[in-house]
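The primary structure of each chain is shown beneath.
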Amino acid sequence: EEFIFKNATYRRVGTGKKKRMVYEETAKIKQISQRPDFNGKGFILETKGQVRPENALRIKMLKYHLEINNLNIVYLMAHNQKQLLDCIQIIQKIK
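A quick note: this is a predicted structure, and the numbers were derived from the prediction, not measured.

Engineer: Can you walk me through the pattern of salt bridges in this structure?
Structural biologist: For side chains bearing opposite charge, pairing can occur when the charged atoms are close. One pass over the full model with this rule turns up 2 salt bridges. In this structure, the salt-bridge partner of E46 is K48, at a minimum N-O distance of 3.4 Å. Here E46 falls in the buried class, since its relative accessible area comes to 0%. The salt bridge involving D86 is made with K82; its shortest N-O contact spans 3.4 Å. With D86 and K82 both in helix α2 (residues 81-94) and 4 residues apart, this pair spans about one turn of that helix.

Engineer: Honestly, α2 in this entry has me stumped. Any pointers?
Structural biologist: Given 3.6 residues to a turn, an α-helix orients residues that are three or four positions apart in the same direction. Given a rise of 1.5 Å per residue, 14 residues ought to cover 20 Å, and the 20 Å separating the end C-alpha atoms of α2 matches this to within 8%. Where α2 starts, the residue carrying a side-chain oxygen 3.2 Å from the main-chain nitrogen of K82 turns out to be N80.

So, how was this worked out
- Starting afresh in each chain, residues are numbered from 1 along the sequence in its written order.
- pLDDT decides what is reported in this predicted model: residues at 70 or higher carry local features, side-chain atom pairs at 80 or more are listed and counted, and totals for whole chains, interfaces and linings draw on all residues regardless.
- The basis for every side-chain value is the complete set of heavy atoms in the structure, and neither hydrogens nor water enter the calculation.
- Counted as salt bridges are all cases of a side-chain nitrogen of Lys or Arg within 4 Å of a carboxyl oxygen of Asp or Glu.
- Classification of residues uses two cut-offs on accessible area relative to the type maximum, computed with a 1.4 Å probe and protein chains only: under 20% is buried, over 50% is exposed, and between them is partly exposed.
- A run of H or I in DSSP becomes a helix once it reaches four residues, and a run of E becomes a strand once it reaches two; helices and strands are each numbered from the N terminus.
- A helix's residues, less one, multiplied by 1.5 Å, set its expected span.
- In the analysis that follows, any N or O atom pair within 3.5 Å is treated as a polar contact, provided that within protein one partner can donate a hydrogen and the other can accept it, and provided that, for residues neighboring in sequence, both atoms belong to side chains.

Here it is, written out as structure tokens:
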């Protein structure tokens, strides 16, 4: 959900000796979204090469959402073709 962060915000910019802290104006914080690659009846399938830190946080939040809302959904993640084929077999067993 979007919200407005009203407190002061400073962030570091620059590199090397030119690093400095910069004040940022109050801004609207955008909603975080997670769009799975495949979303079916009873399962969510993500196909990712390498998981970056921001994706790991989104995945954790998605799993938390599924848990607190008591959604009986199987979450699958495949990083390569072999894992994807394994996921397909699991999905076929779910149905």
